[in-house]
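Chains, contacts and geometry: an overview
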Amino acid sequence: TGTYPFTGVHQAGIVTPAQDRLYLAAFDLTTTSRDELVELLRRWTTIAARLTQGLSAGPFGPASGPYDAPPDDTGEAADLPPAGLTITFGLGRSMFVGTPGPDGTPGEDRFGLADRLPDGLVALPHFAADDLDPARSDGDLVVQACADDPQVAVHAIRNLSRAAFGSATIRWTQLGYGRTSSTSTAQRTPRNLFGFKDGTANVKAEETDALDEHVWVPASAGWLAGGSYLVARRIRMRIETWDRTSLREQENLVGRTKGEGAPLSGGTEFTEPDFTAQGRGGAPLIAVDSHVRLAHPSSHDGARMLRRGYNFTDGNDALGRLDAGLFFVAFVRDPRTHYIPVQAALSRDDVLMEYLTHTGSGLFAVPPGVPDGSLVTGADGT
Ligand code: HEM
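All of these numbers come straight from a predicted model, not from anything done at the bench.

Below, the discussion takes up the overall build of the protein. The number of helices and strands found in the protein is 9 helices and 10 strands. Its C-alpha atoms give the protein a radius of gyration of 21 Å, near enough to 21 Å, the size a compact globule of 382 residues would have. When its C-alpha atoms are laid out on the principal axes, the protein stretches across 75 × 50 × 50 Å. Counting every position in the protein, which comprises 382 residues, the buried fraction comes to 43%. Expressed as a percentage of contacts within the protein between residues at least 6 apart in sequence, the contacts between residues at least 24 apart total 72%.

Spelled out as structure tokens, the structure:
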């Protein structure tokens, strides 16, 4: 696996064919200085541009430079290929307007950025059955590192976190070990921990019109034009209960077959579901409360999203149940039309919810890409 360009109209790591691994970190700013914030983002940009091209975090690398100073790269990726690393940055609502108090008192605009708050960067509402851990939610900044090698992704976050010392600290992180989506027609559809193909009906990189309509923020949206919004939801799955559920029930909950991933109305994986198709007795072949039906664009004024989630397993609880699930990541042009209504319908009516608990959440504005040629890069990438 090679390298993806860091610069471009859009940030990498969105339509980039989903890599095998994810390490995502949300940060809280500890500085209240706007200059320091700008400086941090500049530093991160330079480091990310280097790392994604297979270079060390700093110009000296892990094993040279001043002998009495810490090396400018931590070193654990030194002998590894770039593994398709992409680093994608996002900005949380709290960066612009602070965090409201529990009694509803407004947050503090620490950086004088309140008037730059993007319209879609709303506080997400409480969805039915949400059980969110604040220590796994929100944050002023987010960094999504994806690569085909987990060590490369973790190395990227570690070095960015190190470069943030004194300005920002990690609030929460999530490691994802298997992609649950395909974002290119060239990719095989992977499977989530329920054993079902996931990503079949996803928006794909090749669908450029659909990306403009559903993923990229339009030109009319000011400074965020060409960017997107990243929604993250840590969804725990009750997999032990699921594993005792009949195949018939599993397929009915999803609305697709487990083997092929075809809609229950017939056909093969990429056949469009037919929600009018009826079986014996007139019952719809795809149940009205199935996941695929409730999530389908036809239930949401045509809204689609680019899903880019990962499987996670974070140890187990005292009862021996895996703390496992799907770290849902999606990119949308406006969460108010393309995410919130869909999540509200799923949380309320989706029969799959019986097996799911949302335990973490974040919404971030993803700025457009760093324009080609705007970074000063010498022969060694500095
Ligand atoms: C489709 C599973 C959570 C939105 C699917 C499919 C599966 C699946 C198996 C069918 C294959 C495909 O088209 O990708 C799951 C599981 C979830 C989960 C196991 C939680 C652990 C979510 C959430 C959302 C969502 C939170 C959005 C709020 C969608 C959409 C589709 C889809 C938009 C495509 C529907 C279509 O156009 O046919 N999901 N999903 N899913 N899911 Fe989920």
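Continuing now.
Now for the UniProt feature "domain: Dyp-type peroxidase C-terminal" (unreviewed entry) in the protein. UniProt annotation of "domain: Dyp-type peroxidase C-terminal" (unreviewed entry) refers to residues 189-370 when read in the numbering used here. Its end C-alpha atoms 30 Å apart, residues 189-370 is made of 21% helix and 23% strand.

Moving on to the site of the ligand. Around the ligand, the structure places 27 residues, and the nearest of them are F196, T200, A201, A295 and L326. Elements with a contribution of two residues or more to the shell around the ligand: β6 (228-237), α7 (291-295), β9 (322-332) and α9 (340-349). Each residue belonging to the shell around the ligand can be placed in one class, and the counts come to 15 nonpolar, 8 polar and 4 charged.

The next thing to look at is the UniProt feature "domain: Dyp-type peroxidase N-terminal" (unreviewed entry) in the protein. The sites that carry the UniProt feature "domain: Dyp-type peroxidase N-terminal" (unreviewed entry) are, in the present numbering, residues 11-177. End-to-end, the C-alpha atoms of residues 11-177 are 22 Å apart, and along that stretch the chain is 23% helix and 19% strand.

Now for helix α3 (residues 150-163). Counted at 1.5 Å a residue, the expected span for α3 with its 14 residues is 20 Å, and the 20 Å between its end C-alpha atoms agrees. Of all the residues in α3, the buried ones are V152, A153, V154, H155, A156, I157, N159 and L160. Buried positions along α3 lie against β1 (21-29), α1 (34-52), β2 (86-92), β3 (141-147) and β4 (168-176).

Let's shift gears to the pairing of β1. Among the 9 residues of β1, 8 are classified as buried, and the element is accordingly described as predominantly covered. With 7 bridges connecting them, β1 and β3 associate as antiparallel partners. Note on β3: the bridge partner recorded for R21 is A147. Across 8 bridges, β1 lies against β4 in antiparallel orientation. The residue bridging A25 from the neighbouring strand is T173, located in β4.

Turning our attention to α1. Taking 1.5 Å per residue, 19 residues should reach 27 Å; α1 reaches 27 Å between its end C-alpha atoms and fits that length. Listed in full, the buried residues belonging to α1 are L37, L40, W44, I47, A48, A49, R50, L51 and T52. Buried positions along α1 lie against β1, β2, α3 and β4. Trailing α1 by a residue or two, G54 shows a phi angle of about 85 degrees, which is positive.

Glancing now at the packing of α1 against α3. Where α1 contacts α3, the two axes come as close as 10 Å, and the packing angle between them is 155 degrees. Classified by the angle their axes make, α1 and α3 are roughly antiparallel. The chirality of how α1 crosses α3 is right-handed. Contacts from R43, W44, I47 and L51 of α1 reach α3 at A156, N159, L160 and A163. For the contact of α1 with α3, a count of residues per class yields 6 nonpolar, 1 polar and 1 charged.

What follows covers the nonpolar core. In this structure, A145 and A153 are the most contacted members of the largest nonpolar core, which totals 90 residues. Excluding anything up to four places from it in sequence, A145 contacts Y23, L85, I87, A153, A156 and I157.

Summarising burial for β6: 10 of the 10 residues are buried, a large majority. Of the two faces of β6, the one lined by S228, L230, A232, R234 and R236 and the one lined by Y229, V231, R233, I235 and M237 are each fully buried. Relative to strand β10 (residues 356-366), β6 runs antiparallel, the two sharing 10 bridges. In the sheet register, Y229 faces β10, and the bridge partner there is A365. Sheet topology note: the β6/β9 ladder contains 8 bridges and is antiparallel. Its bridge partner lying in β9, V231 is registered against A330.

Conventions adopted
The residue numbers shown here count from 1 along each chain, following its written sequence. Note on the predicted model: pLDDT of at least 70 is required for a residue's local features to be given, and 80 or more for side-chain atom pairs to be given and counted; whole-chain, interface and lining totals, by contrast, use all residues. Secondary structure elements are taken from DSSP: a helix is a run of H or I of four residues or more, a strand is a run of E of two residues or more, and numbering for both begins at the N terminus. Here the globule rule reads 2.2 Å times residues to the power 0.38, and the radius of gyration is calculated from C-alpha atoms. Between the buried cut of 20 or more and the exposed cut of 12 or fewer other C-beta atoms within 10 Å of a residue's own C-beta lies the partly exposed class, and all C-beta atoms are placed from the backbone. We call two residues in contact whenever the C-beta atoms placed from their backbones are within 7 Å. UniProt positions are given in the numbering used here, feature names are shortened, and annotations may be inferred rather than shown by experiment. The C-beta atom of each residue is placed using the backbone, and any residue whose C-beta lies within 6 Å of a molecule or strand is treated as near it. Note that Gly is not counted as nonpolar here; it falls among the polar residues with everything else outside the nonpolar set of Ala, Val, Leu, Ile, Met, Phe, Trp, Tyr, Cys and Pro and the charged set of Asp, Glu, Lys and Arg. One less than the residue count of a helix, multiplied by 1.5 Å, gives the span that helix is expected to have. DSSP calls a pair of strands paired once it identifies at least 2 bridges connecting them. Angles shown run from 0 to 180 degrees and are taken between the N-to-C directions of axes, each axis being a line fitted to C-alpha atoms and, for helices, limited to the stretch in contact. Here is the rule for angles: anything less than 35 degrees is roughly parallel, anything more than 145 is roughly antiparallel, 65 through 115 is roughly perpendicular, and the remaining ranges are oblique. Note: crossing handedness is left-handed where the near helix turns anticlockwise from the far helix by less than a right angle, and right-handed where it turns clockwise. Put simply, a nonpolar core is a cluster of buried Ala, Val, Leu, Ile, Met, Phe, Trp, Tyr and Cys residues tied together by C-beta atoms within 7 Å.

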